[in-house]
Amino acid sequence: MQYADYMALLPLMVLSAACAAVMLLIAARRHHGLTVLLTLTGLAASLAVFPVALRHTPIQVTALLTVDAYSLFFFVLILLATAATALLGHAYFHAWGGHREEFYLLLLIASLGACVLAMSRHFAAFFIGLEILSIALYALIAYPRRRSASVEAGLKYLVLAAGSAGFLLFGMALIYAEQGTLDFSALTGGLSHSGPPSLVLIAGLALVMVGVGFKLALVPFHMWTADVYQGAPAPVTAFIATVSKSAMVALLARLLAPLDLHAAPGLFNALAALAAASMVGGNLLALRQQSVKRLLAFSSIAHLGYVLVAMLAAGPAFVPAVMFYMTAYTISQLGAFGVIAVRSTQAAEADSLDTYHGLFYEHPWLAAVLTAMLLSLAGIPLTAGFIGKFYVITAGAQGRLWWLVITLVVTSGIGLFYYLRVVVALFSPAPAGQTLPTNASPAAFSGAVVLSVTTCLLVWLGCTPEFLVRLLQRAAP
Amino acid sequence: MTLIGLIVVLLAGGLLAAMLGRHHPAAARWTALAALALDLLLALAWVLPAVARPMQSAGPWPLEIMIPWIPSLGIGFHLAADGLSVVLILLTLFLGLASVACSWREISERGGFFFFNLLWVLAGILGVFTALDLFLFYFFWELMMVPMFFLIVLWGHENRIYAAIKFFLFTQLAGLLMLAAIIGLYFVHGRATGVYTFDYPALLGTHMTAATGMALMLGFFVAFAVKLPAFPVHVWLPDAHTEAPTAGSVVLAGLLLKTGAYGLLRFVVPLFPDAARTFAPAAMVLAVAGILYGALLAFSQTDLKRLVAYTSVSHMGFVMLAVFAWNEMALQGALIQIICHGLSTGALFVIVGMLQERMHTRDLSRMGGLWDQAPRLGGFAMLFALASLGLPGLGNFVGEFLILIGVFPQAPILTTLAAAGLVAASIYSLWIVQQAFHGEAREKWRIQDLTGREAATLGLLAAALLWLGVYPQPVFETARPALASLRETPGSMPAPEPVTASGGAISNSGRQGEIDAIR
């Protein structure tokens, strides 16, 4: 490894050092606020050295990782989302008894895994990153270990993730057997040779897609989503919805971007079917949910379906569109789950739609933030989600995927219905005599920071997206 | 800049009203009124003169502003006004004032947020009438939906949530289809010319195959037909109108429906002339079906508000008929019909709102004999019902008459059927007056006659209708260059019938004759 390699990896190394530092701090002294502070400092330090890495890009570091503008963009997105999750965790766990400090350690480790995923260009790195992320997530989901729903969710995630990892490994093995290498770039050759690609390679890719589909919760690999979203503590749900998915999308886009999927029509059709099924299934399943977390879980299935549409459109707009969509999606989800986290107490998650009736009259700002986030997820103007949806449809139209675009349009029309249900609940009068529980501790400040920053970003990107669009067009590999 | 100013004044006024309204409900009302009055003043003092008497150097857009917005995707913040836009801007602000006036006392709670939503809807509508970038147009198109949704959900009547969600889903789904069509057009144009842009003037005259043109045209058409509303997709309208608060109904009927008509005029036919010509017979059949079906359903309603709502389906059918005939006389008629329907139906909704405020019912079968109690209210109701049925001397007559004359040479049978809609209109309009104000008093109502504020609101609307009925020439003069340039857009028009060939020649003198006859 050269000097430049170390410089390029510096952000990742600082992040690893932060993990160790937080662990040592917990061993030395248990203090909730101090742990959060150190976690945020670690994340900030890692972000601070990112310009150093940027100066050496693009560069391949060992056979496993690649550091370029694209992976660094996702790196920044992941770290910022992690910082937001840590702040939400502070607001959420503030009044809890018991050990709260390890939560932040696990969070840092999970974000490290996510960063490795975003940088990987090799199936080995893919698997390493995935496992670092997943193992930390098992513990994070089941973190409130006296709450049976959380433990159940953690166990469910463990079993299913382990199963899907099996598929993934088998797929990698098949690809290795065919190509003799685990490098992503070899796939391009495998698919573009004259003549149909070999069956073993296609089977390998299909099995890899099962693993990826599980992580992204695409239909029909979505069974875990609703239960895990509901059972996990709200900040962890936010983390799963944003960081875990962004990292996997980053990897998938890097995997698919150079491939000529039309050389393998079977694979292309399977992916198109996956996208269509996710859009239809996610939106339909969300329609009648009474739990806000389950509703957002199903809606996230649909959102990943939209992203997949853009990915299938192999054109110049594809990668920037995916990156923009994931940014807008991350902001909106963090804000939406942030409101849930701020309103939850140790006794109960603010999950049932009934507890949102009349929120506007008791906490107008919370209700306004949640409304903005939901409208962004629904793709209404003045929000980042609108530009994101527009960009994704543009990418789909550029790839002439008219059927998928029409499906996207129609299903997102259906999707409006359930977003509006929540919005209507926020503004309808509260049932008489009910008081809305809200976490009004001093730690609510850290929640307020997250909510105001995400809201400002949401509106800013919705009004003046030019800056980000230009950035993404340059960063796309 | 003036155009941006118009929109910004409303947006800022809305924010101010929302902030003031939490503690001083009266301040929110006055803020809304002041913002609209200021806007109307701006429009009359700067926008109207600039458009009505353009400088020699001005192109087709006497008033225009273009700021790069998302240049990397070919999106610009491009606003412009021509005669068509300016007439609709004035209508928007005028009806906006009326809707603030009619909610003066009706809205008792959360007044600040109410006027915020009202002003933002109006701002979105102004944006729709002036946007010349298709992305920006879609942006405003969607933007006006959300506050309207809140107006219905928060201040509506019994069944408001159902109605609001139905309204939002219909228009949003159709809007998304339009978005897909806009993006399709963007790529068709980009691949043909290498210039990827959403700019309307650049996209005019894009060459495309017949099938592509038809698919894209239908995407636009569906969005506008839902908004108009045209016959099979009108089902959201009765619910939304009935459940909305009075101001919401006024804005819906008077302005939101007009954005559909404006879209057909500005975008569907000029952008896709060939597809529109192929599709015209089908569209005209739908239009006539809407005219007759709307009238029939209106007659069978007992809920007064629902009745007025269905008349909109009927009246807006005339506009669609005229747009797809696409000759000068029909288009002039369509414009007058757009304005007069906005005024007369808006006024009828205001009257229904006043009745409901006094009697807490909209049930026609419980009214009757109200004239004795409220002669001034009855008189105004009579006047607007007569306008709605197309009495000569009031604006609606000019519109419908010009439309029928313009369409007749191209589709005589359909025109005849559409004229039957006028007969139905006289039945249901007189039915309203007879049932509500004449005859036996079915229940012992004690209601108050019009207050000064209410009389002023209705009086202004009535004066405008009378003016348009007697002397519509200023509107024609203002809008003629705009309508002419729409008809001359690249590759646009000549409809198959000979009438349009000579239409330009006869229409001037011919229309003058019509108007003289009306006088």
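As a reminder, the structure under discussion sits directly above these lines.
None of the values given here were measured: they were computed from a predicted structure. (Residues numbered from 1 in each chain as written. Chains lettered and ligands numbered in written order. Predicted model: local features only at pLDDT ≥ 70, side-chain atom pairs only at ≥ 80, totals over all residues. Heavy atoms only, no water.)

Participant: Can you tell me about the overall build of chain B, naming the residues and giving the values?
Facilitator: Scanning chain B from N- to C-terminus turns up 21 helices and 2 strands. The C-alpha atoms of chain B give a radius of gyration of 22 Å, which matches the 24 Å a tight globule of 519 residues would have. Here the C-alpha coordinates of chain B stretch approximately 70 × 55 × 40 Å along the principal axes. Counting the 519 residues in chain B, one finds 66% classified as buried. Once local pairs closer than 6 in sequence are excluded, the contacts in chain B between residues at least 24 apart make up 82%. Element-wise, carbon and sulfur atoms account for 68% of the exposed surface of chain B, whose accessible area totals about 16900 Å². Averaging the coordinates of the 26 positive side-chain charges in chain B and doing the same for the 27 negative ones gives two points 5 Å apart. (Helix = DSSP H or I, 4+ residues; strand = E, 2+ residues; numbered from the N terminus. Rg over C-alpha atoms; globule rule 2.2 N^0.38 Å. Buried < 20%, exposed > 50% of the residue type's maximum accessible area, 1.4 Å probe, protein only. Contact = heavy atoms within 4.5 Å. Areas by Shrake-Rupley, 256 points an atom, 1.4 Å probe, with all protein chains shown as cover. Lys, Arg positive; Asp, Glu negative; His and termini not counted. Charge placed at Lys NZ, Arg CZ, Asp CG, Glu CD.)

Participant: Describe the overall build of chain A, naming the residues involved and giving the relevant values.
Facilitator: When you go through chain A residue by residue, the secondary structure sums to 20 helices and 2 strands. In terms of overall size, chain A behaves like a compact globule, its C-alpha atoms giving a radius of gyration of 21 Å where 477 residues would be expected to give roughly 23 Å. Principal-axis analysis of the C-alpha atoms places the extent of chain A at approximately 70 × 55 × 40 Å. Burial analysis of chain A (477 residues in total) assigns 63% to the buried set. Expressed as a percentage of contacts within chain A between residues at least 6 apart in sequence, the contacts between residues at least 24 apart total 80%. Only carbon and sulfur atoms are counted for the fraction: they give 71% of the accessible area of chain A, which is about 15900 Å². Here chain A contributes 21 positively and 15 negatively charged side chains, and the mean placements of these two sets differ by 5 Å.

Participant: Any chance you could break down the pattern of salt bridges for me, citing the residues and the numbers?
Facilitator: For the structure on display, the rule yields 21 salt bridges over all chains. Residue E158 of chain B pairs with R362 of chain B through a salt bridge whose shortest N-O separation is 3.6 Å. Remark: R362 of chain B occurs in the loop between α14 (328-359) and α15 (370-373) and E158 of chain B occurs in the loop between α6 (145-155) and α7 (160-193); sequence separation between them is 204 residues. E158 of chain B sits in the exposed class, given a relative accessible area of 63%. We note a salt bridge from E328 of chain B to R480 of chain B, for which the minimum N-O separation is 3.7 Å. Here the residue E328 of chain B occupies a position in helix α14, and R480 of chain B occupies one in helix α20 (residues 473-487), the gap between them amounting to 152 residues. Overlapping salt bridges bring together E152, K156, D227 and R294 of chain A as one network. (Salt bridge = Lys/Arg side-chain N within 4 Å of Asp/Glu carboxyl O.)

Participant: An account of helix α14 (residues 318-343) of chain A is requested, with residue identities and associated values reported.
Facilitator: Residues that lie three or four places apart on an α-helix share one face, since the helix turns once every 3.6 residues. A rise of 1.5 Å per residue sets the reference length of α14 of chain A, with its 26 residues, at 38 Å; its end C-alpha atoms lie 37 Å apart and thus fit the reference within 8%. Taken across its 26 residues, α14 of chain A has 26 buried, putting it largely inside the fold. (Expected span 1.5 Å × (residues − 1).)

Participant: Tell me about the interface of chain A and chain B, and please be specific about residues and values.
Facilitator: Taken together, the contact between chain A and chain B spans 38 residues of the former and 36 residues of the latter. When the two sides are added together, the surface that chain A and chain B hide from each other amounts to roughly 3300 Å², 83% of it contributed by carbon and sulfur. Put simply, chain A and chain B have 0 salt bridges between them. Summed over the shared surface of chain A and chain B, the number is 3 residue pairs in polar contact (both at pLDDT 80 or more). For the side of chain A that touches chain B, the elements supplying multiple residues, two or more each, are α15 (359-362), α16 (364-378), α17 (384-398), α18 (402-427), α19 (444-463) and α20 (466-475) of chain A. Tallied by class, the residues present in the side of chain A that touches chain B amount to 27 nonpolar, 8 polar and 3 charged. (Buried area = accessible area lost by both parts, 1.4 Å probe. Polar contact = N/O pair within 3.5 Å; in protein donor to acceptor, adjacent residues only side chain to side chain. Nonpolar A, V, L, I, M, F, W, Y, C, P; charged D, E, K, R; others polar.)

Participant: Requested: an account of the pairing of strand β2 (residues 75-81) of chain B, with residues and values cited.
Facilitator: For β2 of chain B, a buried count of 6 out of 7 residues is recorded, marking the element as mostly surrounded by other parts of the structure. Taking the residues between adjacent antiparallel strands as the criterion, strand β1 (residues 63-70) of chain B and β2 of chain B are bridged by 4 residues, where G74 of chain B takes a positive phi near 75 degrees. (Pairing = 2+ DSSP bridges.)

Participant: Talk me through a nonpolar patch on the surface; I want residue IDs and the actual numbers.
Facilitator: All names here are of chain A. Taken together, V453, L457, W460, F467 and L471 make up a surface patch of nonpolar side chains, about 450 Å² in accessible area. Within the residue set of the nonpolar patch, elements represented by two or more residues are α19 and α20. Residue contributions to the nonpolar patch peak at 3 residues, all from α19. Residue placement: F467 occurs in helix α20. Relative accessible area serves as the criterion here: at 51%, F467 is assigned to the exposed category. (Patch = residues over 30% accessible without salt bridge, like charges linked within 9 Å, V, L, I, M, F, W, Y side chains within 5 Å.)

Participant: Can you explain the nonpolar core? Please cite residues and give values.
Facilitator: Ranked by size, the top nonpolar core spans 408 residues in total, and within it F126 and M311 of chain A together with F220, L271, F324 and F384 of chain B carry the most contacts. Broken down by element, this core gets its largest block of residues, 19 residues, from α14 of chain B. With near-sequence residues (within four places) excluded, M311 of chain A lies in contact with V249, L252, A253, L256, F318 and V322 of chain A. (Core = buried A, V, L, I, M, F, W, Y, C linked by side-chain atoms within 4.5 Å.)

Participant: Can you explain the packing of helix α5 (residues 134-143) of chain B against helix α11 (residues 246-271) of chain B? Please cite residues and give values.
Facilitator: Residue and element names in this part refer to chain B. One way to put it is that α5 packs onto α11 with a least axis distance of 13 Å and a crossing angle of 160 degrees. Looking at the two axes, α5 sits roughly antiparallel to α11. Handedness of the crossing formed by α5 with α11: left-handed. Here α5 contributes L134, F137 and W141 to the contact with α11, which in turn contributes T259, G260, F267 and L271. Within the contact of α5 with α11, the residues separate by chemical class into 5 nonpolar, 2 polar and no charged. (Axes fitted to C-alpha atoms, helices over the stretch in contact; angles between N-to-C directions. Parallel < 35°, antiparallel > 145°, perpendicular 65-115°, else oblique. Left-handed = near helix turned anticlockwise from the far one by under 90°.)

Participant: I'd like a description of the packing of aromatic side chains, backed by residues and values.
Facilitator: Residue and element names in this part refer to chain B. A full pass over the atoms with the stated rule returns 66 aromatic pairs over all chains. Relative to F187, the ring of Y186 has its centre 5.1 Å away and its plane inclined at 75 degrees; by these criteria the two rings are edge-to-face. The exposure classification of Y186 matches that of F187, with both residues buried. Ring plane angle 55 degrees and centroid distance 5.4 Å describe the contact between F220 and F272, whose orientation is recorded as tilted. With a gap of 52 residues between them, F220 in helix α9 (residues 210-227) and F272 in the loop between α11 and α12 (273-299) connect regions that are remote in the sequence. Judged by relative accessible area, F220 falls into the buried class, the value being 0%. Note on F272: relative accessible area 2%, which makes it buried. (Phe/Tyr/Trp six-rings, centres within 6.5 Å; stacked < 30°, edge-to-face > 60°.)

Participant: Any details on unusual backbone geometry? Residues and values, ideally.
Facilitator: Of note, the bond from V219 of chain A into P220 of chain A is cis; its omega dihedral lies within 30 degrees of zero at 10 degrees. Look at the link from L228 of chain B to P229 of chain B: it is a cis peptide, with omega at -5 degrees. Counting through the fold element by element, P229 of chain B comes out in the loop between α9 and α10 (236-243). Despite not being glycine, W326 of chain B shows a phi value in the positive range, around 55 degrees. Among the structural elements, W326 of chain B can be located in the loop between α13 (304-325) and α14. In this structure, H360 of chain B is a non-glycine residue whose phi angle is positive, near 60 degrees. With respect to the helices and strands, the residue H360 of chain B is situated in the loop between α14 and α15. For H360 of chain B, a relative accessible area of 67% corresponds to the exposed category.

Participant: Quick rundown of the environment of A206 of chain A? Include the residues and the values.
Facilitator: Summarising the element assignment, A206 of chain A is placed in helix α9 (residues 199-216). What makes A206 of chain A partly exposed here is its relative accessible area of 35%.

Participant: Outline α5 of chain B, listing residues and values.
Facilitator: Counting buried positions along α5 of chain B gives 10 out of 10 residues, so the element sits mostly inside the fold. If you check the start of α5 of chain B, you find a side-chain oxygen 3.0 Å away from the backbone N of F135 of chain B, and it comes from D133 of chain B.

Participant: So what's going on with the state of the cysteines? Residues and values would help.
Facilitator: Among covalent bonds in proteins, the disulfide is the one between the sulfur atoms of two cysteines. Tallied over the full model, the rule gives 0 disulfides over all chains. Unpaired in this structure, C115 of chain A has its nearest cysteine sulfur neighbour in C19 of chain A, at a distance of 9.8 Å. A residue is classified by how much of its surface remains accessible, and C115 of chain A, at 1% relative accessible area, is buried. This cysteine, C102 of chain B, is not joined by any disulfide, and C340 of chain B carries the nearest cysteine sulfur, 19 Å off. Under the relative-accessibility criterion, C102 of chain B is labelled buried at 8%. (Disulfide = S-S within 2.5 Å.)

Participant: An account of the environment of H189 of chain B is needed here, citing residue identities and associated values.
Facilitator: All names here are of chain B. Along the chain, the position of H189 falls in helix α7. Residue H189 is classed as buried on the basis of its relative accessible area of 6%. For the pair H189 and F149, spaced 40 residues apart in sequence, the C-alpha separation works out to 35 Å. Among residues more than four places away in sequence, those in contact with H189 are G194, V195, T197, A202, L203 and T206.

Participant: So, the pairing of β1 of chain B: which residues are in play, and what are the values?
Facilitator: Note that β1 of chain B and β2 of chain B share 7 bridges and pair antiparallel. Following the sheet pairing, L63 of chain B is matched in β2 of chain B by A81 of chain B.

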